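Summary of the model geometry
If you want the building blocks of each chain, they are given just below.
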Amino acid sequence: MPENRTHYHVSSAVVATLPFGTEAVLSALAEMENVEVHGHAGGKIVVVIEGTSTGMLGECLTRISLLEGVIAANMVFEHVETEEMRDDRNTDAT
């Protein structure tokens, strides 16, 4: 039977901001899909990014790094989960 595998990528990142830009960056991050802010202090913001590929995470991190007020956006950790989906329908005639 064919098996389908779905990959879920989760990454944490630290975003460093200029002092005047932190609030604007927080607002922009809140509008981004698959991005969640977990905390911020002293011009640093900790985010989690989710997606279906490493490329998707990288693209999102690039968008974050280009926001006005961002000094740097660095991935800290990435984890991949694989979900196997099976077609368990019985096709035997009885």
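Here, every reference points to the structure presented above.
I will try to describe carefully the structure that is included in this document. Starting from 1, residues in each chain are numbered consecutively following that chain's sequence as written. Note on the predicted model: pLDDT of at least 70 is required for a residue's local features to be given, and 80 or more for side-chain atom pairs to be given and counted; whole-chain, interface and lining totals, by contrast, use all residues. Excluding hydrogens and water, the side-chain values take into account all heavy atoms of the structure.

This part is about the overall build of the chain. Numbering of helices and strands runs from the N terminus; a helix is a DSSP stretch of H or I covering at least four residues, while a strand is a stretch of E covering at least two. Across its full length, the chain carries two helices and four strands. Moving toward the C terminus, one meets the helices and strands of the chain in the order β-α-β-β-α-β. Exposed residues in this analysis have more than 50% of their type's maximum accessible area, buried residues have under 20%, and partly exposed residues fall in between, with area computed by a 1.4 Å probe over protein chains only. The 94 residues of the chain split such that 28% are buried. Residue contacts follow a heavy-atom distance rule, with two residues in contact if any of their heavy atoms lie within 4.5 Å. Within the chain, contacts between residues separated by at least 24 positions form 70% of all contacts whose residues are at least 6 apart in sequence.

Turning next to the side chain of Ser11. Counting through the fold element by element, Ser11 comes out in strand S1 (residues 3-17). Note on Ser11: relative accessible area 0%, which makes it buried. Within 3.5 Å is the distance limit for a polar contact, defined as a pair of N or O atoms, with the added protein rule that one can donate a hydrogen and the other accept it, and that residues adjacent in sequence qualify only through two side-chain atoms. At a separation of 2.9 Å, a polar atom in the side chain of Ser11 contacts the main-chain carbonyl oxygen of Phe77. Leave out the neighbours within four places in its chain, and Ser11 touches Val47, Val48, Ile49, Leu57, Met75, Phe77 and Glu78.

Now for the pattern of salt bridges. Salt bridges are identified by distance alone: a Lys or Arg side-chain nitrogen within 4 Å of an Asp or Glu carboxyl oxygen. Counting across every chain of the model gives one salt bridge. The residue Arg63 makes a salt bridge to Glu59 at a minimum N-O spacing of 3.6 Å. Of the two residues, Arg63 and Glu59 are both situated in helix H2 (residues 54-65); the distance of four residues between them amounts to about one turn of the helix. Classification of Arg63 as partly exposed rests on a relative accessible area of 38%. A relative accessible area of 51% places Glu59 in the exposed class.

So, about the environment of Val25. Mapped onto the fold, Val25 is located in helix H1 (residues 22-31). Judged by relative accessible area, Val25 falls into the buried class, the value being 1%. Each C-alpha atom of the pair Val25 and Val15 lies 9.1 Å from the other, and the pair is ten residues apart in sequence. Setting aside its immediate chain neighbours within four residues, Val25 contacts Val15, Thr17, Ile45, Leu67, Glu68, Gly69 and Val70.

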